[in-house]
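# Summary of the model geometry
Listed below are the residues making up each chain.
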Amino acid sequence: MTIKLPEAWREILAWTAGGLAILVLCLIATFPYGALQTRVVAELSRATGMEVRVADWTVWLPVGLEWRNVTLSKSNWPPIQLAALQAKLGITDALGGTLGLDVVAKLNDTLPPGLAKGTLTASSLSLAAPVAIKGQVQQVDLSKLLSRYVTHGMLNGDFSHRVDPGQANSTTMKGEGTWTAEATDLVIDQIPLGNGRTLSLTFGRVSAGLACRDLRCDVTQLRGEGIDGSFTGEGSITIQQPAQQSQLNLTVTVVPGPGFAAKAGSLGIPSPPPGTPMTVKIIGTLAQARIAL
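Residues numbered from 1 in each chain as written. Predicted model: local features only at pLDDT ≥ 70, side-chain atom pairs only at ≥ 80, totals over all residues. Heavy atoms only, no water.

## Re the packing of aromatic side chains
- Here the structure, examined in full by the defined rule, presents two aromatic pairs.
- A centroid spacing of 5.2 Å and a plane angle of 20° characterise the contact between phenylalanine 159 and tryptophan 179, whose relative ring orientation is stacked. Here phenylalanine 159, found in strand S7 (residues 150-163), pairs with tryptophan 179, found in strand S8 (residues 176-194); they are 20 residues apart in sequence, far enough to count as distant.
- Taken together, a centroid distance of 5.1 Å and an interplanar angle of 80° make the contact between phenylalanine 203 and phenylalanine 231 edge-to-face. Residue phenylalanine 203 is located in strand S9 (residues 197-213), and its partner phenylalanine 231 is located in strand S11 (residues 229-238); the two are separated by 28 residues in the primary sequence. (Phe/Tyr/Trp six-rings, centres within 6.5 Å; stacked < 30°, edge-to-face > 60°. Helix = DSSP H or I, 4+ residues; strand = E, 2+ residues; numbered from the N terminus.)

## Considerations on the state of the cysteines
- On inspection of all chains with the given rule, the structure shows one disulfide.
- Two residues share a disulfide in this structure: cysteine 212 and cysteine 217, whose sulfurs sit 2.0 Å from each other. Taking the torsion about the S-S bond as the criterion, the cysteine 212 to cysteine 217 disulfide, at about 110°, is right-handed. (Disulfide = S-S within 2.5 Å.)

## Some thoughts on unusual backbone geometry
- Positive phi is not limited to glycine here, since aspartate 185 has a value of about 50°.
- As for its position among the elements, aspartate 185 is in strand S8.
- In this structure aspartate 185 comes out as partly exposed when scored by relative accessible area, which is 47%.
- Phi is positive for aspartate 214, close to 55°, though the residue is something other than glycine.
- Residue position: aspartate 214 is located in the loop between S9 and strand S10 (216-226). (Buried < 20%, exposed > 50% of the residue type's maximum accessible area, 1.4 Å probe, protein only.)

## Regarding the environment of leucine 65
- Tracing the sequence through the fold places leucine 65 in strand S2 (residues 64-74).
- Judged by its relative accessible area of 0%, leucine 65 is buried.

## Details of helix H5 (residues 258-267)
- Listed as buried for H5 are Gly259, Phe260 and Ala264. Along the long axis of H5, the arc covered by the buried residues comes to 130°, so they all point the same way. Residues of H5 that are exposed and point over 90 degrees away from its buried face: Pro258, Ala262, Gly265 and Ser266.
- If you follow the buried residues of H5, they end up packed against S9, strand S12 (247-256) and strand S13 (278-285).
- Just downstream of H5 lies glycine 268, where phi reads positive at about 70°. (Arc of directions from axis to C-beta. Contact = heavy atoms within 4.5 Å.)

## Regarding the side chain of histidine 161
- Among the structural elements, histidine 161 can be located in strand S7.
- According to the relative accessible area criterion, histidine 161 is buried, its value standing at 4%.

## So, the pattern of salt bridges
- With the rule as written, the count across this model stands at four salt bridges.
- Residues arginine 205 and glutamate 182 are paired through a salt bridge, measuring 2.7 Å at the closest nitrogen-oxygen approach. On the criterion of sequence distance, the pair formed by arginine 205 in strand S9 and glutamate 182 in strand S8 is long-range, its members being 23 residues apart.
- For arginine 205, a relative accessible area of 41% puts it in the partly exposed group. (Salt bridge = Lys/Arg side-chain N within 4 Å of Asp/Glu carboxyl O.)

## A closer look at the side chain of serine 143
- Along the chain, the position of serine 143 falls in helix H4 (residues 142-145).
- At 2.7 Å, the side chain of serine 143 forms a polar contact with the side chain of aspartate 141.
- Excluding its chain neighbours within four sequence positions, the residues that come into contact with serine 143 are Val150, Thr151, His152 and Gly153. (Polar contact = N/O pair within 3.5 Å; in protein donor to acceptor, adjacent residues only side chain to side chain.)

## So, the confidence of the model for the protein chain
- Mean pLDDT over the protein chain works out to 76, with 71% of the residues at or above the 70 mark.
- Mean pLDDT across the secondary structure elements of the protein chain bottoms out at helix H1 (residues 7-30), with 55, and peaks at S10, with 94.
- Low pLDDT, under 50, characterises residues 167-171; the stretch is placed with 16 contacts to residues that sit more than four places away or in other chains. (pLDDT = per-residue confidence, 0-100.)

## Let's talk about the environment of glutamine 244
- With respect to the element layout, glutamine 244 can be found in the loop between S11 and S12.
- Put simply, glutamine 244 and serine 75 are 169 residues apart on the chain and 9.9 Å apart in space, counted from C-alpha to C-alpha.

## Here we look at the pairing of S12
- Pairing geometry for S11 and S12, over 10 bridges, is antiparallel. Of the residues in S12, the one forming a bridge with isoleucine 237 is leucine 248.
- Both S12 and S13 contribute to a ladder of eight bridges, which runs antiparallel. Considered in S13, the bridge of valine 252 is made with valine 280. (Pairing = 2+ DSSP bridges.)

Okay, here's the thing in structure tokens:
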């Protein structure tokens, strides 16, 4: 059976559809993209504590922005280069007075691209209410982020964090959340041993987890294994601004492998037989950690 609408109804529906289409086009055309991109850059600077410089930005329809050649820099830290940073605003959320922002950061244009993806949600556009962030890190080359200490390694991870009311505009990431990460084929270089000596360690796999509340993060998981041995750890990290002043209080149990024994001999440092556990204490700031047996 075929239902036919009266001519008058067809005309009303046509005019209604046309009016809605014009309304959507007007919203897209008049949306304050400049204000959005300024706010996103400011929030990125606040969250990371870094200076954010953008070479170019364009509108990404329907309601979004894309930045190209982004540089994150901070004193005493090597700058971080991003090939692209995209932010997409949820239209229905914005019309309802709430915020839903999807952000994708691309480290480079080669394969693997190295991605960090996240979603920021808030019950108000002013970010005065609780703010939640959730996302993933996929195939990120750590040597490009931590070139001072890491010469090789691929990072994957997940994170979820909630910022309490009244703290979204502060300079510290208060609230609570969980962060997990796994690095494969990791080579850590320039580990200070004193008297100008440095050590390099190689691990096939390293995993870590943090449970954070306000400015304290407890280590829920820390383990690694490779040719240089294996380790497990526990402790806490107290977040400070700037980030390199964050305080470490970690206890790590290390079981040396054959690779570590060979390196220790060349550096003139004592090394127990492979398989003998050692307890290492790591304290101090993130920028100047001290290691003691």
